[in-house]
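What follows is the residue order along each chain.
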Amino acid sequence: MKNFPENFLWGAAMSAPQTEGQSLNFGKTATTWDYWFQIAPEKFHQNQGPAITSGVYDHYLADCQRMQEIGLNSLRTSISWARLLPDGKTVNQAAVDFYRQYFSAMLDHGVEPIINLFHFDMPMWLMEQGGWENRASIEAFAFYAQTAFELFGDLIKKWTTFNEPLVHVECGYLYQYHYPAVVDFQRAIQVGYHTLLAHKAAVKVFKAAEQAGEIGIILNISPTYSKSEAQADLSSAFHSDLLNTRSFLDPAVLGTIPDELITLLRENQLLPEVEAGDHELIKENLVDFIGLNYYQPRRVQAPEEARMPAQMPSDFYAAYDWPDKKINPYRGWEIYPEALYDVAIMMKEAYNNIPWYVSENGMGVAEEERFMKDSGEIEDDYRIEFMKEHLNYLHKGILEGSNCFGYHAWTFVDCWSWLNGYRNRYGFYRLDLKTLERSVKKSGRWIKAVSENNGF
Ligand code: BG6
């Protein structure tokens, strides 16, 4: 039996744009996802757009009951900026009513809400002004954060500012998976820098208001594993860590941007525009806790050719395909649970053993109806196995003193996934796309037992 610390959070994670639906109704204005789907629906798996998703806007009451039914004591979702402040300034009362009822219903069912402010869903009104490239986005985000803290602060005790800020930087400005789908390293760095400042500005507002509760940020993390001990590979791994791990984790927890990262950007003419006062904003305003999303390890090797100045991250490091890897063929991601132990020790040793939790971990599988029993239940033993393996390594890290306070799976009910639509299913509950009915999978019954026993 693996026992977890007292009051351990067992839960699931989801996001507003991937679950709410009613995407252009009840006062909500468009995000980049609504807009992109409108102009380029062919980019989206089976033309599945953000309009309906899992219909949580209408199903939230029964969903909160379902959370309790499978033993979840906590759940992370996000507020939609474009729903709460449709023009960035005016509060939408329908949104306030919806979120207050939703969060209250979670609490009524013994589920602690962890509420995130930005999950890749840039409001169109701000995108039209340049989105995160525009420095004005920092103040706009701070105003949104303050509004949310004031409106929901009596219900929410754990806030996070961003989910995986690196992802909207990379996907929007390097790899073309998110709107505006441009390829420009310099702009990507500026977007990342403004995102970091927006995070800091929100933390500042939170602390200034002497808000009850705690604030953190959710980062997608894996230690970087080098192909070999050769100097060139190790140096690439170091650069990968600087850009992918330390770029947000160091400033969030320690209040510093690594000197080596600044040097690397300077040498490659990639430094962002900086203003007086930024240094203090970054130095102060530290987080109370960290959420870490972990799905797959990052393995790198030295690139065969590197341009100077760099045009893409691949000029610093190349992906390394480990021949011995185990893979989830549906998502194409390596399965390497050992990394959770390495992450736990990294948090303990390099980040002052700050409280942290696994804010996402999970396995997306296509055509899950293949595993449906006569009773209609999806027998997702592969998912249970995946979570057990990861929890085993997390447990080892906790036993060695890492300050981890929870484990959230992605996700609660199968949800809509950006360009992948509903192809890969991750939920404890299956979603019927025609009726939006939810039915519990075997993993949902399993997590209930884990939560009740506080271990397995
Ligand atoms: C995380 C994101 O990176 O991974 C989620 O926070 C996302 O929004 C999840 O849905 C799973 O990835 P995907 O691309 O399979 O949906």
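Note: the structure precedes this text.
Here the structure is a predicted model, which is why all the values come from computation and not from measurement.

### Re the overall build of the chain
Part 1: In terms of regular secondary structure, the chain is built from 15 helices and 17 strands.
Part 2: Relative to its length of 456 residues, the chain is compact, with a C-alpha radius of gyration of 21 Å against a globular reference of 23 Å.
Part 3: Dimensions along the principal axes, computed over C-alpha positions, put the chain at roughly 60 × 55 × 45 Å.
Part 4: Split into buried and exposed, the 456 residues of the chain put 61% on the buried side.
Part 5: When contacts within the chain are restricted to residue pairs at least 6 apart in sequence, long-range pairs at least 24 apart make up 78% of them.
Part 6: Carbon and sulfur atoms provide 49% of the accessible area of the chain, an area that totals close to 18100 Å².
Part 7: The chain carries 40 positive and 60 negative side-chain charges, and their two centres are separated by 3 Å.

### Describing the site of the ligand
Part 1: The local shell around the ligand holds 13 residues, among which Gln18, Glu164, Arg331, Ser417 and Tyr426 are the closest.
Part 2: Glu164 has a polar side-chain atom sitting 2.7 Å from an oxygen atom of the ligand.
Part 3: In this structure, an oxygen atom belonging to the ligand sits 3.5 Å away from a side-chain N or O atom of Tyr295.
Part 4: Here the ligand has 380 Å² of accessible area as a free molecule, and 91% of this is covered by the chains.
Part 5: Broken down by class, the residue content of the shell around the ligand amounts to six nonpolar, four polar and three charged.

### Focus on the nonpolar core
Part 1: Counting 139 residues, the largest nonpolar core has Trp159, Ile290 and Leu394 as the members making the most contacts within it.
Part 2: Among the elements that take part in this core, helix α9 (residues 185-208) stands out by supplying 13 residues, more than any other.
Part 3: Once residues lying within four places of it in the same chain are set aside, the contact partners of Trp159 are Ile79, Ile115, Leu117, Ala148, Phe149, Phe152, Gly153, Phe206, Glu214, Ile215, Gly216 and Phe289.
Part 4: Counting residues in hydrophobic clusters, the runner-up holds six residues, among them Leu9, Ile218, Phe289 and Phe405.

### So, helix α13 (residues 338-350)
Part 1: Between its terminal C-alpha atoms α13 stretches 18 Å, which fits the 18 Å expected from 13 residues at 1.5 Å a residue.
Part 2: Inspection of α13 places Ala339, Leu340, Tyr341, Val343, Ala344, Ile345, Met346 and Met347 among the buried residues, and these make up the whole buried set.
Part 3: Among the structural elements, β6 (224-226), α10 (231-254), β7 (289-293), β12 (356-360) and α14 (381-399) are those in contact with the buried residues of α13.
Part 4: At the C-terminal side of α13, Asn352 shows a positive phi close to 55°.

### Some remarks on the packing of α9 against α10
Part 1: Contact geometry of α9 with α10 gives a least axis separation of 11 Å together with a crossing angle of 25°. As summarised for this structure, α9 and α10 are arranged roughly parallel, according to the angle between their axes. Crossing handedness for the pair α9 and α10: right-handed. Together, Gly192, Thr195, Leu196, His199 and Lys200 of α9 and Phe248, Pro251 and Ala252 of α10 make up the contact between the two elements.
Part 2: Grouping the constituent residues of the contact of α9 with α10 by class yields four nonpolar, three polar and one charged.

### Some details on the sheet that holds β12
Part 1: Read once around its circumference, the closed barrel built from eight strands follows the order β1-β2-β3-β4-β5-β7-β12-β14, with strand pairing classed as parallel. Pairs of neighbouring strands in the sheet enclose a mean axial angle of 25°, with direction left out of account.
Part 2: Where strand β4 (residues 158-163) meets strand β5 (residues 214-220), four bridges bridge the pair, whose relative direction is parallel. Its bridge partner being in β5, Thr160 is matched across the sheet by Gly216.
Part 3: Along the sheet face, α10 touches β5 and β7 and points at about 170° away from the line of β5.

### Section: the sheet that holds β6
Part 1: Within the open sheet, the three strands sit side by side as β6-β8-β9. Their pairing is mixed. Two strands in the sheet have a free side with no partner beyond their single neighbour: β6 and β9 (318-319).
Part 2: Of the pairings in the sheet, the one linking β6 to strand β8 (residues 298-301) comprises three bridges and is parallel in character. Bridge assignment links Ser226 to a residue of β8, and that residue is Val300.
Part 3: Of the strands in this sheet, β6 and β8 are in contact with α10, which crosses β8 at around 135°.

### A short note on the pairing of β5
Part 1: The buried fraction of β5 is high, at six of seven residues.
Part 2: Alignment of β5 against β7, held across five bridges, turns out to be parallel. Counted as the bridge partner of Ile218 is Gly291 from β7.

### Things to note about the side chain of Ser402
Part 1: Tracing the backbone shows Ser402 in the loop between α14 and β14 (404-409).
Part 2: Overall, Ser402 belongs to the buried group, its relative accessible area being 4%.
Part 3: When residues no more than four places from it in sequence are discounted, the contact partners of Ser402 are Ala344, Met347, Lys348, Asn353, Trp356 and Gly397.

### With respect to the pattern of salt bridges
Part 1: Counting across every chain of the model gives 28 salt bridges.
Part 2: Arg187 is paired through a salt bridge with Glu133; the nearest N and O atoms lie 2.8 Å apart. Here Glu133 lies in the loop between α6 (124-127) and α7 (136-152) and Arg187 lies in helix α9, a separation of 54 residues in the sequence.
Part 3: Note that Lys441 is salt-bridged to Asp414, the shortest N-O span being 2.8 Å. Separated by 27 residues along the polypeptide, Lys441 in the loop between β17 (438-440) and α15 (442-453) and Asp414 in the loop between β14 and β15 (424-425) bring together distant segments of the chain.
Part 4: Classification of Lys441 as buried rests on a relative accessible area of 0%.
Part 5: Because the salt bridges share partners, they merge into one network encompassing Glu368, Asp380, Arg383, Asp414, Arg425 and Lys441.

Here is what the cut-offs are and how they apply
- Residues numbered from 1 in each chain as written.
- Predicted model: local features only at pLDDT ≥ 70, side-chain atom pairs only at ≥ 80, totals over all residues.
- Heavy atoms only, no water.
- Helix = DSSP H or I, 4+ residues; strand = E, 2+ residues; numbered from the N terminus.
- Rg over C-alpha atoms; globule rule 2.2 N^0.38 Å.
- Buried < 20%, exposed > 50% of the residue type's maximum accessible area, 1.4 Å probe, protein only.
- Contact = heavy atoms within 4.5 Å.
- Areas by Shrake-Rupley, 256 points an atom, 1.4 Å probe, with all protein chains shown as cover.
- Lys, Arg positive; Asp, Glu negative; His and termini not counted.
- Charge placed at Lys NZ, Arg CZ, Asp CG, Glu CD.
- Near = heavy atom within 4 Å.
- Polar contact = N/O pair within 3.5 Å; in protein donor to acceptor, adjacent residues only side chain to side chain.
- Nonpolar A, V, L, I, M, F, W, Y, C, P; charged D, E, K, R; others polar.
- Core = buried A, V, L, I, M, F, W, Y, C linked by side-chain atoms within 4.5 Å.
- Expected span 1.5 Å × (residues − 1).
- Axes fitted to C-alpha atoms, helices over the stretch in contact; angles between N-to-C directions.
- Parallel < 35°, antiparallel > 145°, perpendicular 65-115°, else oblique.
- Left-handed = near helix turned anticlockwise from the far one by under 90°.
- Pairing = 2+ DSSP bridges.
- Salt bridge = Lys/Arg side-chain N within 4 Å of Asp/Glu carboxyl O.

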